[in-house]
Structure formats: C-alpha cells, structure tokens
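# Observations on the model geometry
Listed below are the residues making up each chain.
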Amino acid sequence: MKLKPSVNIFFLIVSFAIYQRVLPQSQAPISIYYTKKTDKLIDSTKSSKAKSMISKFNEIISEDVKNLMYVLKISEDYSLFQEKKSLKKGSRSKATRNFASSFGGTKGTFYINQKDSTYINIREFSGTYFKVKTKPKNWQIHPKDFKYVYKYKCIKATTVDTIINPKGVFTYDVVAWFSPDLPGFYGPAGYFGLPGIILELDNGKISLEAKEIDFHVKKEPPFHIEKENGILVTEKQYDSIVEKKAKEFFKISKF
C-alpha cells in the first residue's frame, strides 16, 4: 500500500525524532542569532490608579527588547543559549534593561547536553547563582503546517507551558517552528527536543526569531557545566526560594 505524502512526512519526522534520542550525533559548530519581541507585558486594564505608569513601563520595555540579541551556540553534543549583545547603545536604565533581557523566560544561560541528557538553566537571583534543572517539552508536531524562517522550511510544533505561583496556575500556548534541514535537538531559551533546530518560537509572552546563521564558527574551548558556579536545584525548589525571598522582602505571608 502506498502512503500519502503527508503520511510519509509524518513518519519521517517521528522516525528521525526517535533516532536522535537513541543515537545522538555530534554537531559541527554553528551559531544562530535571534531577535526578541514582546507579545504580552504587564496588563494595565485591571489597574485604574497605576494604568498610566504601567503603560509607560511597557513602552520602555518594548523599546529595550528591540535592542537585544540572543545566540544559540551548538557544538559537539551540547548547546548554549544566552544574550549576545545590544543592537543599539544602552537603554533608559539598568533596571528596565535587565527586565527586558530576562522577560519571557530568557534569563541566564541555557545548557542543553543531548548526549548525557543534562538540561540546565544557570540563573542569578538575589546575588546567588543557581543551576536550575529543566526538562524537555512534550511536543505535538503538525506536519501539514509549515512556513519559511530565514530561508529554511520550518514545520510547526506546539506545547503548553504551565506556571504555578502564589497567584495561581497559568498556562501559555507555545508555538515553535523547527527546520528538518538543520537536523538537531536544540532551540532557544530552554525549548528543545524536536527533530530539527527551532528557528522561531512564541511562548505567549515573547517571540524569538532567527535572523542570522553562522556556519563558519571558530572552535571555542569546551564548556563544562560542572565547573560553573551555582547551586543545583529543581525548578520547583528554585520557585520556592524566590517565593520565600519575596515574602521576606514584602514582609507578608501571602501575595
């Protein structure tokens, strides 16, 4: 029985995904540069008194975000994702600059090692560095949905982010566009695990889009995660630490 083209594509993707998990391949060094856009900042509609102030803050952050660039460095069996540089000089204040940089889940350095299944986000909080363990997402691939990102044909994949904090449980739809023409396991800001490199991502708060791919990268010294400073914690443990510090700061028992 002859399979339809769409079915063939689906089985090709699934087979390649299984293959990558069973037998990881060393990757020639490449660097992918992403720009960032804000999809949703602080909601000012629920606040009448501070509406003008919040709107102004959102405007400043949106402008600062446009000046940011991030880089995904892929080498051997691992990748590093972090902020690269500003596209323009400075910003209005260090505080807003830091907020713009970390907003949407792009804070710190993301280390993904496919070979030994080590997934770490190195973050700084209140003067202390943490190595926060992350996990692969449960992706659903949509083989019929595709578009071109930076000249590469990309296939759509979706998942859901669930965030639990003292204010409740929040879910965000995540859409990724990955390219099978760039075989790999990697992507930006802790999103990975697809049969191709993620070139565009929208997590409901921010979007990241590849604007440049460098295939002529000079080989750098290997990055050893065990040599980096930081307390190894789970995401849940890290959230508890942040919550405790916030309560101490505001001197209240509940938010």
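## A look at the pairing of strand E5 (residues 118–125)
- Across five bridges, strand E4 (residues 109–113) lies against E5 in antiparallel orientation. By the bridge assignment, Asn113 is partnered in E5 with Thr118.
- A loop of four residues connects E4 with E5, the two strands running antiparallel in sequence, and Ser117 in this loop sits at a positive phi of about 55°.
- Hairpin remark: E5 followed by strand E6 (residues 128–133), antiparallel, with two residues in the connecting loop; positive phi at Ser126, about 55°.

## Quick look at the nonpolar core
- Judged by nonpolar contacts, the single largest core of 40 residues is most densely connected at Ile32, Trp139, Ile197 and Leu199.
- Of all the secondary structure elements, the ones that give two or more residues to this core are strand E1 (27–38), helix H2 (51–65), strand E2 (68–76), E4, strand E8 (152–165), strand E9 (168–179), strand E10 (197–202) and strand E11 (206–214).
- Not counting residues within four places of it along the chain, the set of residues in contact with Trp139 comprises Ala157, Thr158, Thr159, Val174, Ala176, Tyr191, Phe192, Gly193, Leu194, Ile198 and Leu201.
- Listed in part, the seven residues of the second largest apolar core include Tyr78, Tyr111, Ile120 and Ile225.

## Focus on the confidence of the model for the chain
- Of all residues in the chain, 74% attain a pLDDT of 70 or more, and the chain-wide mean is 81.
- Low pLDDT (under 50) marks residues 5–25, which in the prediction has 27 contacts with non-local residues, meaning those over four places away or in another chain.

The rules we used
- Residues numbered from 1 in each chain as written.
- Predicted model: local features only at pLDDT ≥ 70, side-chain atom pairs only at ≥ 80, totals over all residues.
- Heavy atoms only, no water.
- Pairing = 2+ DSSP bridges.
- Helix = DSSP H or I, 4+ residues; strand = E, 2+ residues; numbered from the N terminus.
- Core = buried A, V, L, I, M, F, W, Y, C linked by side-chain atoms within 4.5 Å.
- Buried < 20%, exposed > 50% of the residue type's maximum accessible area, 1.4 Å probe, protein only.
- Contact = heavy atoms within 4.5 Å.
- pLDDT = per-residue confidence, 0-100.

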